[in-house]
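# A look at the structure
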Amino acid sequence: MKYLIAGGDERMVCAAAVLAAAGNEVLSLGMEKASLPDSVRKAYEAEGADCVILPLPAESSRGGAINAPFSRGNISISGLLDKLPENTLVCGGKISGGLKYEARIRGLPIVDYMTRPELVTGNAAITAEAALCLLMQRTDFSLFGRSALVIGYGRIGRILSDKLRALGVKTYVMSRNADSRALAEALGCIALAPADTLPPLDMVINTAPAPVLTTLEALCSPCLLLELASAPGGLDSAEAFRLGHRYFAAPGLPGKYAPKTAGALIAETVMKIVKEHENE
């Protein structure tokens, strides 16, 4: 199997190594400044490949370009897709509707690997572990015996709440969803609805992509606030600083905290997608 990795950060370097170690031919594009394994050949234009792997996220904040921090220049998305033979499988993370459209009008099947549960759950586990590491680094007290509020009870919220409880933290969970609150209670947490009175807290960790705790006025100061959701997040940083809290934003932890594990997850997920595509 021949893979072309186009752009990406240290996760994609690690993904390339995993793919090559599995016996695949691996090419890289737009990674000139990366330290790639000797088994990965650098390509300077799109070459024929069975599968093209775009990074996570696939697109740069600059419109029309691939997210390629290791590249010496911009890689045009449309330019890359134009050079791919019809029916070349394209995989990427957090693919926009525009990119999906660009691929499909060229006859290129495209799959967002961030819709795959094995990758999303794996990333959630890495994020929860990294969040604990950050909490330990940013506090001058032991987590044991302290109290924390986890906002949101999706994959990250559930895993993080479980890890906090295992460390002896009195763990509260806030969610708008009654089913999520019931599950949190069943698993040993103390569930709160957004309108409930807040208890004394040492830490607040937000995993929700939109505000659930709409004001921080009721928090005892100082409190450590950790924002895990991508911008704009669910915590108001300006209000936090105004009220004397310690606020830290830490989105995208898998790529920063454990790129080797996160990259291996991407590679393994893409290989599964390729097998499924071949069997269709």
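Look up a bit, the structure's there.
As the structure is a computational prediction, the values presented were derived from the model and not from experiment. (Residues numbered from 1 in each chain as written. Predicted model: local features only at pLDDT ≥ 70, side-chain atom pairs only at ≥ 80, totals over all residues. Heavy atoms only, no water.)

### Quick word on helix α9 (residues 259-279)
- Between its terminal C-alpha atoms α9 stretches 30 Å, which fits the 30 Å expected from 21 residues at 1.5 Å a residue.
- Restricting attention to buried positions, one finds in α9 the residues Pro 259, Ala 262, Gly 263, Ala 264, Leu 265, Ile 266, Ala 267, Thr 269, Val 270, Met 271, Ile 273 and Val 274. (Helix = DSSP H or I, 4+ residues; strand = E, 2+ residues; numbered from the N terminus. Expected span 1.5 Å × (residues − 1). Buried < 20%, exposed > 50% of the residue type's maximum accessible area, 1.4 Å probe, protein only.)

### Re the pairing of strand β7 (residues 147-151)
- Counting buried residues in β7 gives five out of five residues, a clear majority hidden from the surface.
- Taking every second residue as pointing to the same face, both faces of β7 are buried, with Ser 147, Leu 149 and Ile 151 on one and Ala 148 and Val 150 on the other.
- Direction of pairing for β7 relative to strand β8 (residues 170-174): parallel, over a ladder of five bridges. Bridge assignment links Val 150 to a residue of β8, and that residue is Val 173.
- Handedness of the crossover joining β7 and β8 through helix α5 (residues 155-166) is recorded here as right-handed.
- Both β7 and strand β10 (residues 203-206) contribute to a ladder of four bridges, which runs parallel. The partner of Leu 149 across the bridge, within β10, is Val 204. (Pairing = 2+ DSSP bridges. Right-handed = clockwise from strand over helix to strand, strands pointing away.)

### As for the sheet that holds strand β6 (residues 110-112)
- Spatially, six strands are ordered β3-β2-β1-β4-β5-β6 in an open sheet, and the strand pairing comes out parallel. Bordering the open sheet on either side are β3 (40-43) and β6, each of which pairs with just one other strand. Across the sheet, the axes of successive neighbouring strands diverge by a mean angle of 25 degrees, strand direction being ignored.
- Here strand β1 (residues 2-6) pairs with strand β4 (residues 51-53) via three bridges, running parallel. Note that in β4 the partner of Leu 4 across the bridge is Val 52.
- Contacts between α9 and the sheet are confined to β1, β4, β5 (89-92) and β6, with β5 contributing the most and set at about 150 degrees to the helix. (Axes fitted to C-alpha atoms, helices over the stretch in contact; angles between N-to-C directions. Contact = heavy atoms within 4.5 Å.)

### What about helix α6 (residues 178-186)?
- The backbone nitrogen of Asp 179 lies 2.9 Å from a side-chain oxygen of the residue at the head of α6, namely Asn 177.
- Remark: Gly 188 follows α6 within two positions and exhibits a positive phi of approximately 100 degrees. (Polar contact = N/O pair within 3.5 Å; in protein donor to acceptor, adjacent residues only side chain to side chain.)

### Quick notes on the pairing of β5
- Residues Leu 89 and Cys 91 line one face of β5 and the alternating positions Val 90 and Gly 92 line the opposite face, and both faces are buried.
- Here three bridges tie β4 to β5, and the two strands are oriented parallel to one another. Counted as the bridge partner of Ile 53 is Cys 91 from β5.
- Between the parallel pair β4 and β5, the chain is carried across by helix α2 (residues 77-82), and the sense of this crossover is right-handed.
- Summarising the sheet, β5 and β6 pair through three bridges and their orientation is parallel. Its bridge partner lying in β6, Val 90 is registered against Ile 110.
- Following the chain from β5 across helix α3 (residues 97-104) to the adjacent parallel β6, one finds a crossover that is right-handed.

### Description of the packing of helix α4 (residues 117-138) against α9
- Between α4 and α9, whose axes approach to 10 Å, the crossing angle comes to 170 degrees. Here α9 runs roughly antiparallel to α4, going by the angle between their axes. On α9, the residues touching Glu 118, Leu 119, Gly 122, Asn 123 and Ile 126 of α4 are Thr 261, Ala 262, Leu 265, Ile 266, Thr 269 and Lys 272.
- Each residue belonging to the contact of α4 with α9 can be placed in one class, and the counts come to five nonpolar, four polar and two charged. (Parallel < 35°, antiparallel > 145°, perpendicular 65-115°, else oblique. Nonpolar A, V, L, I, M, F, W, Y, C, P; charged D, E, K, R; others polar.)

### Some thoughts on the sheet that holds strand β9 (residues 190-192)
- Pairing within the open sheet is parallel, and its six strands lie in the order β9-β8-β7-β10-β11-β12. Among the strands making up the open sheet, the edge pair consists of β9 and β12 (246-249). Strand-to-strand twist of the sheet, defined as the mean angle between neighbouring strand axes without regard to direction, takes the value 20 degrees.
- Judged from the three bridges that link them, β8 and β9 form a sheet pairing that is parallel. Counted as the bridge partner of Met 174 is Leu 192 from β9.

### A few points about unusual backbone geometry
- Residue Leu 56 is joined to Pro 57 through a cis peptide bond whose omega torsion reads -5 degrees.
- Along the polypeptide, Pro 57 turns up in the loop between β4 and α2.
- Of the consecutive residues Ala 231 and Pro 232, the connecting peptide bond is found in the cis state with omega at 10 degrees.
- Tracing the backbone through its elements, the reader meets Pro 232 in the loop between β11 (224-227) and α7 (237-242).

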